[in-house]
Amino acid sequence: MINSRKNDWPRNRLALLISLSLAAAAAPTLAQQSVDAAQLEEVVVMASPIRDSQKAAIDAKRDADNTVDIISADTIGRFPDQNLADSLGRVPGLAIERDQGQARYINFRGAPFRYTSLAIDGLSIPGAENGRVPRFDSFPSVITSRIDSNKAITADMPGSAVSGHINISTFDPFVNDGWALSTDLGMGNQQLGDGDIEKFALRTSWSNENFGFSLFTSENSREQITDNREYDIARDDSGELLVNELDFRSYKVVREDRAYGGRFEFRGDGALERVFVSTLYNEFQDFEERNQYVFDFAGGAAAVGAPQATGAVGENQFALVGRALEYGLYENSTFTNTLGMDLALGSWVVESRINFTETENTMFLPLPRSEGGFAVASFDVSDLHDPAVYGLFDPIAQTPMDVSDINYAVDLGMLIGTEMAIDATKFKLDAERDLTLFGRDAVVKTGIEFDAREAEGLGFVLSYGLFPGDVNIGDFATDEAWDTQFSNGIDGATYYDNKGLRAAWDAAVGGLELSPNDSQGIRLQEDVSAGYAMVTTQYDWGNLVLGMRVENTDYLSEGPTGNFEDSFTNVLPSAHLNVDLADDVKLRMSVSTGVSRPTYAEWRGDDMVDFVQSSVTAGNPSLEAEESIGADLSLEWYAGEASLMSAGLFTRNIDNVIYAQSDVIAGSAYMPEVGADYWVYTQYLNGSNGKMSGAEFNVIAQAADFMPVLDGFGISANLTLLDSEFETVAGARHSLPGTSETIFNASVFYEMEGFSIRLNHQYRDDWLSTTENVGMTDYWAAQERVDLSVSYDLPMAMFGSDVTLYANANNLTDEQDVRYTGDESNPNQVESYGRRYLAGFRVNF
C-alpha cells in the first residue's frame, strides 16, 4: 500500500526546533572550529565566500595526479541545485538528463549512463536500476564534503569507468574539534500546480584527538504537476500531415527522498592509524497520479470508413477515445555499510575495507484503463508544442459534450511493474609506500578487490483483466479542472480521485499484486576479482603515473529454460604524465583503458514474452562486455588564487558497443501458437567501431585576481564540444545515446561581506535518448535552464552559531522539455513543469 510520508513533517520540524534549542544551550562548546585549509581530503568551506570554496577545489585539482574536476560542499550549497545531479551538471563535459523536470542521470562526456561508475568514499556501488546505471537524485548534499569527477582513470579506480569515475567523499567528523552541528531548513513552491516544497537536513559531529562520530538525516518533499502531451503524427505520400493520435496527460506527482546515516571512527597514534564504521541509507519515492485521455483519429476514421483528415487542423473528425487513471509508485533505495581499518606497517600504509550494499528498485502502476469511447472532435496542431482538441460532440445523441461525458465500451484493470534487488559484498585492500626509484622519489601503490553480487528481480510485467464491475469509475470524478500551462487543451478535463479509486479497486479484489510469468524473471550472480599496481615517480618537471589493473569476471545467468555462465579477464593499463610547464601552468597527458559489462536485464538468461503488448525482449547472456581505450590531453593555467583557465581534448575507442535493436515480426515466427499477428522483437547486440571524442574549455575567474577594483565579482563558464558514433551489426551508424554536440554552462556571481548572488545558465543541444526503438530515431530536443541563487550570512553570531539566509529560483524561463522522432518537426512528447522557488536558512554551530 502506498503511504506518503508528508504527514511526518510536523514531527521533523519539532525535532529540528528541539535540536536547535539544545545546541543554543550548549553554544560555548558547540562553537565551530576553523577548518585547516591545507587538508585536501575534505574540501569544506563553512560560512566562507565563494572565492574560498573555489580556491580549495582548484588547489585539490592542481595537486591531483590525473585529470579531475572537483566540487566542494560549500559550492553545492551556494548553487540553486535540487540534488547532486544538478551539481554535477555544472562540471565541464557533464550533462544532465531529467525526469519530469528534475535532474536524475549524468551523461559523462556524452556517453551512455552505464559508462560512468559511482563510488562513495572510494568504494564503488551497484546502480539500483539494473546493476550498472547510477542515479544521483536521491543522494543528499548533507553527507557530502567533496565530489571528484575523474576524467582520466588511474589503476586504483574500477575498470567500468569508461567515460569517468565519480567519487562522493562523505563528511569527516575530525574536521571540527569538539561538537559541531549544521542544519538546513527550506520551504518553497512549484508554480505549476501550486505544489509545496519542503527541505530539511541535519548533521552533527563530535571529535577529540582519538574518537569522532558524525550523524546525519535529510528529508525532502516536492509536489508538482507535470503537464504532458504525446503524439503519433506522420506524413502521407504527398507530404501532408497526418494526425493519427493525440495523447493528453496531467500527472500529480509527490517526490520524496530521505537519507540517514553516520560514521564512528577511532584514530590511533601507533600502527593502528584508524578504525571506522559507516552507514548510509537513502531512498527515493515518486508517488504518481495519472489522468490521461487519448484521441485516436486514425482509428476513428477507420471505424466508420471515412477518410482521415490531412493537415494541421481537422474539423469534426471521428475519434476513438481512451482514458487511463493511475495512482502508482516508483521507488529505489541504497543501503551501504562499510567497516574500515588503516594500518602503518613499517614503511607501508595499508587500508582495508569491507562493504555490504543492498539496492532495491521497484515500479508498481495499477492503471484502470477505459477503451472504446467514441466522439466527434476537432483538432489543431498548428503549434506542435501546444496541441488542442475541441468541439467534442456526441455522434449518437447529436449534442455537444465534455470529455467527462464520454461513455466507454469496456473498463480494464492493468497492472504494470518491475523489480530489481541487488546484494553486493566487497572486500578491498590497498597498500602504499614511499621509496626511491632510479634515484627519484616515488610512491608505489597496489591492491586487490573482490566484489560479489547477486541480483534478482522482474523485467517489465504487464497484465490486465476486466475492471471490477462493482467499482464505478465515474464515482471518483471531481470538479477540479486540470492545472495546465498549455493555452489549448481538451474540453472539460477534470481530475479523478485516483487514490480513492486505487483503494476501492484494491478492496474489491482482495489486494493488487503483479502476476509475472517465468520468462520475466531476472536471476544473476556476478563475481569480479581485481588487482592493480601503480607507481608515481616525481621529477623536477612534474610526475609520471604508470599502472596496470587486471579484472576477472565470473557470472551466472539463470533462466527457466537453462543457465548460462561464463568467465573473462580484462587487462587494463594506464599512464598519466603531469608536466609543470611553469609555476602556474600544468600540462596533462594520459592513456587509459576500461570495460563496461552488460546490465543485468541485458544478461538475462531467457526471453521475456509479453502477451499483452505482443512483444518479446530477448535476454542475451552471451553478450560481450564493451572494451575501451582512450587518451586525454589538457592544459591548465592557474591564473590566480581562485582562478583557473583550462582546455582539453579527449578520445575513446570502444569495441563491442551494446545496443538494443527492435524489429517487427510475425508472432508465428517466434511462437507458432500465437498466430500470425505482428509482434515487436527486441534483442541486445554487440556493435563495433564505437568512438567518442571532444574538446573542453573551462574558465573560473575571480575579478579580484585580475582587477581588484571589481573584488567580489566572478564568472564560471565551460564549453564542451562532442562527437560520437558506433556501427550496428547491419552496418548502420548512430551516435551513442546521450551525446549532445554542445554543452554549455555559465555562472555570473557577486559576493561581498556575506551577501552573494549567482545567476546560472545551462544548455545542451539534441541527443539520442535511447536505441531501444525501431529505426533508432528517438531524440531529446535541446534543453536549457536559467537558475538564480541569493544568500546572506548574518553579520553577528546567533546563540553561538553562523546563520545564512537563502532563496533559490529554478527554471526561471519556464522551459518545456521535448522529445521527437527523426527531427523536430515530428515531436512525440512535450512536457512542462513551471518555475520552482525555495527559501530557507542554514545554521552552523
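The following refers to the structure shown. (Residues numbered from 1 in each chain as written. Predicted model: local features only at pLDDT ≥ 70, side-chain atom pairs only at ≥ 80, totals over all residues. Heavy atoms only, no water.)

## Observations regarding the packing of aromatic side chains
At step 1: Following the criterion strictly, the structure yields 21 aromatic pairs and no others.
At step 2: On the numbers, 5.6 Å between centres and 10 degrees between planes, the contact of Tyr-779 with Tyr-820 is stacked. With Tyr-779 in strand E37 (residues 778-780) and Tyr-820 in strand E40 (residues 816-821), this residue pair connects regions lying 41 residues apart in the sequence.
At step 3: Joined through ring pairs, the aromatic side chains of Trp-179, Trp-206, Phe-213 and Phe-264 make up one cluster.
At step 4: A cation over a ring is seen here: Arg-764 above Trp-767, with NZ or CZ 3.5 Å from the ring centre.
At step 5: Here the guanidinium or amino end of Arg-842 rests over the ring plane of Tyr-806, the centre of that ring lying 4.2 Å away. (Phe/Tyr/Trp six-rings, centres within 6.5 Å; stacked < 30°, edge-to-face > 60°. Helix = DSSP H or I, 4+ residues; strand = E, 2+ residues; numbered from the N terminus. Lys NZ or Arg CZ within 6 Å of the ring centre and 35° of its normal.)

## What about the environment of Gly-89?
At step 1: Assignment of secondary structure puts Gly-89 in the loop between helix H5 (84-88) and strand E2 (94-99).
At step 2: Each C-alpha atom of the pair Gly-89 and Tyr-105 lies 9.4 Å from the other, and the pair is 16 residues apart in sequence.
At step 3: Among residues more than four places away in sequence, those in contact with Gly-89 are Leu-94, Ile-96, Ile-106, Asn-745 and Gln-762. (Contact = heavy atoms within 4.5 Å.)

## A short note on helix H7 (residues 498-509)
At step 1: Given a rise of 1.5 Å per residue, 12 residues ought to cover 16 Å, and the 17 Å separating the end C-alpha atoms of H7 matches this to within 8%.
At step 2: Within H7 the residues assigned to the buried category are Asn-498, Gly-500, Leu-501, Arg-502 and Trp-505.
At step 3: Packing partners of the buried residues in H7 comprise strand E12 (272-296), strand E13 (313-345), strand E14 (348-380), strand E17 (410-437) and strand E20 (494-496).
At step 4: Just downstream of H7 lies Gly-510, where phi reads positive at about 75 degrees. (Expected span 1.5 Å × (residues − 1). Buried < 20%, exposed > 50% of the residue type's maximum accessible area, 1.4 Å probe, protein only.)

## Comments concerning the nonpolar core
At step 1: Ranked by size, the top nonpolar core spans 48 residues in total, and within it Leu-246, Phe-295, Phe-297 and Val-389 carry the most contacts.
At step 2: Dropping the residues within four chain positions of it, Phe-295 is found in contact with Asn-244, Glu-245, Leu-246, Phe-248, Leu-320, Val-321, Val-389, Leu-392, Val-403 and Ile-490.
At step 3: Judged by nonpolar contacts, the second largest core, of 24 residues, contains Phe-108, Leu-118, Phe-216 and Leu-280. (Core = buried A, V, L, I, M, F, W, Y, C linked by side-chain atoms within 4.5 Å.)

## Brief notes about the sheet that holds strand E29 (residues 658-666)
At step 1: Here we have four strands laid out as an open sheet, ordered E25-E26-E30-E29, and mixed in their pairing. Sheet topology places strand E25 (607-610) and E29 at the edges, where each strand pairs with a single neighbour. For this sheet, the mean inter-axis angle between neighbouring strands, taken without regard to orientation, is 15 degrees.
At step 2: In this sheet, strand E30 (residues 678-686) lies alongside E29 in antiparallel orientation, the contact comprising nine bridges. If you follow Ala-666 over to E30, its bridge partner there is Tyr-678. (Pairing = 2+ DSSP bridges. Axes fitted to C-alpha atoms, helices over the stretch in contact; angles between N-to-C directions.)

## Section: the sheet that holds strand E5 (residues 123-124)
At step 1: Spatial strand order, E1-E6-E7-E4-E5: five strands in an open sheet with mixed pairing. Edge strands, defined here as strands with exactly one partner in the open sheet, are strand E1 (68-72) and E5.
At step 2: Examined bridge by bridge, E1 and strand E6 (residues 144-150) share five bridges and lie antiparallel to one another. Residue pairing in the sheet places Ile-71 in a bridge with Ile-147 of E6.
At step 3: Sheet strands in contact with helix H3 (residues 50-63) are E1 and E6, and its direction is about 150 degrees off that of E1.

## A closer look at the side chain of Thr-116
At step 1: Within the secondary structure, Thr-116 sits in strand E4 (residues 116-120).
At step 2: For Thr-116, the side chain forms a polar contact with the side chain of Ser-163, separated by 3.5 Å. (Polar contact = N/O pair within 3.5 Å; in protein donor to acceptor, adjacent residues only side chain to side chain.)

## Regarding the pattern of salt bridges
At step 1: Applying the stated criterion across every chain, the model contains 52 salt bridges.
At step 2: Residues Asp-137 and Arg-104 are paired through a salt bridge, measuring 2.7 Å at the closest nitrogen-oxygen approach. In this pair, Asp-137 is assigned in the loop between E5 and E6 and Arg-104 in strand E3 (residues 102-108), connecting sequence segments 33 residues apart. There is no split in this pair, since Asp-137 and Arg-104 are both buried.
At step 3: Glu-480 is paired through a salt bridge with Lys-252; the nearest N and O atoms lie 3.1 Å apart. (Salt bridge = Lys/Arg side-chain N within 4 Å of Asp/Glu carboxyl O.)

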